[in-house]
Amino acid sequence: MLTQVKSWALSPDSLQKPSDSFDYTVISSPIFSVTSRASATGSSSSTCAWTNASCSAQPEQGLGNLRCIRKKQSKVKKGVFWGIQVVESLIWKKWELGKEITKNLTLKNLNVKIQKLKYRLPSTKFFFTVYPQPIFLSPGMSFTLPVIFRPLEEKEYVDKLCFVMAEGEFSVELKAVLPSHQLFCPPSLQLPLCAVSDSTEAWFNLCNVGDLPTFFTWDFPNPFHGLPSTGLLEPGSVCQIKVVFQPLVALIYDVQAICWYGDSGEQKSTIQLQAVAKCPQIIVYVNKEGAEEIDLESSRKVVNFGPAPVGYTMKKCIQLFNPSVVNAPFRIEANRDLYEDDRVFTCPIIRGAVSPGEQMWLPLLFRPQTVGLQSIDYITILPPGSTSEVSLKITGLCAGPAVALKHYCVDFNWINLGEYATKSLMIQNDADCPAHFMFELDNQESVFSLEPQSGFLGSREQKMLTITFQPTHPIICYRRVACLIHHQEPLFLDIIGTCHSDSVKPAILRPRHLKWYRTHMARGLILFSPDILGTMLREQKLIRDEEGALMLRPEDPEDPPPAKYPSIPPLSEYFLDGTSDTAIFPPTVSIKPLAVNFGRCSSSEEPSPFPLCLTNHTRGKITVVWTYQENSPFQVVPDVIDIPPLKTTAVRLHFQPPYPNKIYAAELEAFAYYKVLRSYNNIEEDCTVCPSWCLRLKAMGHSYEVNREHSFPRYTLNVPKLFPAVSSNRVSYRTMLLCNSGSLMFTFNLMPNSSPEVTFRPTSGFIFPGANQIFLLSTSPKEVPWKQHSLSLQFNFCPKYIKQITMMSREEPIQLHLESGKILYLKPTYVGGSSTSPFTVRNTTRLPLSFEWKYAYHNSKVVSVWPAKGIILPNEALIYKWTFTPRLETKYLVRAVLWGWDAGASSGLPPSQTTHYLLRVIGEGIKGFITAKEKELDFGNVLVDSEQRKDLVLLNDGNCTLHYRLYVEQTMRGPCDPEEVDRDPIVLKMDKMEGTLCARSQEVICLTACPTRRLQYIWTIRYSIPTHKENKCGAKEILCKVTMTGVYPTLSILDACATGSAGGITRQHLWRLFSLETLNSYLERDPTSWELTYRVPTRHSTSRIPSVFTPLFLDFNFGASPIGSEPSVVFLLLKNSGVVPLNWAFLFPSDQQIDLEFWAERTEFDFAELHQMRIQDNQIFSITPKSGSLCPGQEQTVELSHRAQLLTKSVYSSASYR
């Protein structure tokens, strides 16, 4: 930064406090410029010119933006020379030829006394200052000396300005430099911890501290990347560099990034990049609190939604926990083979990250669409790089409503004309899924009315229905009313009633007549009138069966039995009711058309009547009676008409709208019955009574003026997107719900341009405010590719109010996908054994498929598969377990065929409706054997009752996995009783007696030996390989031999000598006095059980004379000696003559006595105890050392001494423990 200042002469006014915060460059008239640099001995202090840029997670500027900053000069390096503080150098930058540039050199006195200085002019003519003169500086005062630089050539200039003091001389360097490129960046950058295949970021500042605009290029080693990688920096500007760390391997990274810059790109600045990459980990908990469900075949965790109501969304959350110290990013991968609209399981979170040590809840949604379908899907939680993916199996069952009626037949018996009767009926929903229902009945036009006609049933809810019978003519009335239920098959309610007048009294219809009527329908007898049937019955052409129904008299005993009324599926009965071209039974009476739309009609004049055609398909005369209401705008003329057998009659439908600008709709009702039924006197046999047939006619019209806007329909429409999956030549059904949410009635009708492949029922109708209409749709797909069906539903006769409905369907192919390929290679297996291999098959269709594996009978003894038959659900990946049991040492090739067909059909289907896949199963039977790495193992010498361990390494060098069992046989050698030794248990223990050894592998088994006798143990380890048949074992083969020798520690006395008062005793006599021969012979024996009571020296007795557990008592006799004489000392040479280390100890009675509390001690002692206490208190006997340890063959000398201080015979008990 350039700052203009005034020049000054050498005067006291020039004394000032220096400012070292910024570099001031002065361009002015010819005055002196000076810079200082120390050349003498002195102390100096300095600070770095540029502070390291801090790396923040959120930079202030955008990535790679250049921003100019004020060029802040670091504090100038200063030195102190004999109390004078001055800068070390003066540097001129950005100078121009022919111009003088002045810098000020400030000297400050830091001493407590006045300082005198002199200076010499620079040696070159390019730097000069004022004429030299003495400088006097008071304590704390400063003096400024101007130094002028006048360049004549474009080169670097170097000189110095020397100062002389009484203590010595120092100099300040004067230097003029040319403009240069110089970039600065921090020496190192630490990036945050990063997960493998993830990325972290950090920023640092790249500063141009030079004098020229500088191009730069960064070279970052992998896995680091920098942005921007190239750029141009103006002098004094800063660029923020973004460093991205994307590791692929978990390592500690410490690499160097290089920034190349300069005119030729040879200059460089480096930054050390440090980062740590760790492997992320995600633990998935489906049910952290309780037991988690696991799929046994695939070992996947199962998320089971259980039953879920159709059309509703159910939510479950699984927990993701990150136990690592880095972020654990993940992504969710779902099955891509499913059609998007057919996907019932979804996860709203596609990707995310779990913070270190934190948990995250992952929601899973289940929205089923097809009732009764068990849905299965699989999702995979993938961390970066797919290093440790977690696969989940999601299951759920679509539950629909279970609406039922308490009774399916309502009988009003008979009433008089002009009266009415009511009955109640309970409707209930036994499921947890809510239900919408609707009865196909027009309460305003029918003699039967039902309230409520439509409604909603909640979970486990029931409602009371009221049915009213109000006849208009004295006739038999029977109507089978369909109850349509959303997401459920329809129900059918039979309503019967008979009306009598004063003159007309028809036969009374009862529920038994309906049962006989259906049987007669199956036998084709309903086409005959009751009088004809009565005549045939009298003539015995007809007889009655056991249920009372009529049947033809059989002419041959071998004739098939008479037909019975079949069980008809509700959906088939609804669609095949005789109103279309296809019917289950031939119709008796028909009407055409079924619906009449008058369109726009004027309320002032009556439109032309619409002709209707009534046809009698029976062999008897029938009467048709129309039961219209008086205030109805629709009327059929004539309302009562007789139709001869097999004849057709025409009637007319009249429409007269009473009000303008209104919509009219109704379902007219007519009853047709045999004319002979008008009087019960005409009926001779009760079984010939036939119910009436109900004819329905939908009539609609409106009286809107031409330019009048039709009323706007307000509705909600629940439309499924897909038809349920069906196989070839099967029919798929769907329901659709339309609710009137407005305050006006509106009509609907299916337009002619709708898809002809879809059967839509009802095609027209009307809905009152608050009511709902349920549609039933059916289609029979003929092609495998998805086909789109477009349906147009028009409301209120207005072209503006048309709802386009789009649905998809297809013929579901019968296909399975062999995910493991068409060849299954079984693991090599030893002859007689068995192995299992998994094989995965996925059902890629939307249908549950039945399957069965078939292969040649002679191969069934070699291979088997489980499950061999069953059902595989849609989108399910079923893992089959193939078991291979070879009997010979050879290769096997088995051709297995997997058959599949629709689970809803029987297995005896034509080939066109089944599929099969050929699988080549290849296996090899080989002979396997196990060996030991060491054929002989030796434990060596082991102390009796102590344990020693060794490892036995088992080797399987074959190509098959072997299951083995180990056996141990024990023998013992040495001086012993053979019968007693044979009863001893086996003392060689193995941590594993059976197991599995994989091919070309080894296993380590730990052997633990614990001998109980001083004998040589020999163990023979054998193995056998179990066979598959009845889990029997084969021959026992020798694996290895193990030996061990049980030993006791052996201590012996080699020599003895005496000194002191016993010095005159000969060695031979000394051996007799101390019974050393007897002691050595006893030490060579095996210890008794009593001697093994205390294996280590311990305090075990409360008596002053403890019990002795050894059968041998020896005397160490020191002989007699005068009182006060020199002690008798005997030296014994001990040697470990055994093969194991030993510990020895001499224990006096006090060493074996338990210390008791004062109150527990006895106050009276016997003579022996008093004698022991006396010897102990006077220290008559002593042994040095009292205990020790000896390795095999090692010797040690023990000193035993006796002092004659008592005039008595001294006897003191001691014990030796090994």
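About the criteria used
- Residues numbered from 1 in each chain as written.
- Predicted model: local features only at pLDDT ≥ 70, side-chain atom pairs only at ≥ 80, totals over all residues.
- Heavy atoms only, no water.
- Pairing = 2+ DSSP bridges.
- Helix = DSSP H or I, 4+ residues; strand = E, 2+ residues; numbered from the N terminus.
- Axes fitted to C-alpha atoms, helices over the stretch in contact; angles between N-to-C directions.
- Salt bridge = Lys/Arg side-chain N within 4 Å of Asp/Glu carboxyl O.
- Patch = residues over 30% accessible without salt bridge, like charges linked within 9 Å, V, L, I, M, F, W, Y side chains within 5 Å.
- Areas by Shrake-Rupley, 256 points an atom, 1.4 Å probe, with all protein chains shown as cover.
- Core = buried A, V, L, I, M, F, W, Y, C linked by side-chain atoms within 4.5 Å.
- Buried < 20%, exposed > 50% of the residue type's maximum accessible area, 1.4 Å probe, protein only.
- Contact = heavy atoms within 4.5 Å.

## Observations regarding the sheet that holds strand 8 (residues 115-120)
So, point 1. On the basis of which strands lie adjacent, the open sheet formed by five strands has the order 6-13-12-8-10 and mixed pairing. The open sheet is flanked by strand 6 (89-92) and strand 10 (135-137), the only strands paired with a single partner. When strand polarity is set aside, the average angle formed by the axes of neighbouring strands in this sheet is 25 degrees.
So, point 2. Alignment of strand 12 (residues 157-164) against strand 13 (residues 169-176), held across eight bridges, turns out to be antiparallel.

## Overview of the sheet that holds strand 59 (residues 787-795)
So, point 1. Spatial ordering of the open sheet is given by 57-55-59-60, a layout of four strands whose pairing is antiparallel. Because the sheet does not close on itself, it has two edges, and the strands there are strand 57 (764-767) and strand 60 (802-809). Direction aside, the axes of adjacent strands within the sheet are offset by 25 degrees on average.
So, point 2. Examined bridge by bridge, strand 55 (residues 746-750) and strand 57 share four bridges and lie antiparallel to one another. Residue pairing for strand 57: Thr747 is matched across the bridge by Phe766.

## Notes on the pattern of salt bridges
So, point 1. Evaluated as defined, the whole model comprises 36 salt bridges.
So, point 2. The partner of Arg343 in a salt bridge is Asp377, with the nearest N and O atoms 4.0 Å apart. One end of the pair, Arg343, is in the loop between strand 27 (328-334) and strand 28 (345-346); the other, Asp377, is in strand 31 (residues 374-382), with 34 residues separating them in the sequence.
So, point 3. Residue Arg510 pairs with Asp411 through a salt bridge whose shortest N-O separation is 3.0 Å. Taken together, the residues Arg510 in the loop between strand 41 (488-500) and helix 1 (511-522) and Asp411 in strand 34 (residues 409-416) connect sequence positions 99 residues apart.

## With respect to a nonpolar patch on the surface
So, point 1. Nonpolar side chains collect at one region of the surface, where Leu248, Val249 and Leu251 lie side by side and expose about 300 Å² of accessible area between them.
So, point 2. Looking at the element boundaries, Val249 is found in the loop between strand 21 (237-245) and strand 22 (252-261).

## Some words on the nonpolar core
So, point 1. By size, the foremost hydrophobic cluster in this structure holds 71 residues, and its most contacted members are Phe439, Val624 and Leu653.
So, point 2. Each residue touching Phe439, except ones within four places of it in the same chain, is listed here: Leu405, Ile427, Leu450, Pro452, Gln453, Leu465, Val481, Ala482, Cys483 and Leu493.
So, point 3. Listed in part, the 33 residues of the second largest apolar core include Leu988, Leu1015, Trp1019 and Ile1021.

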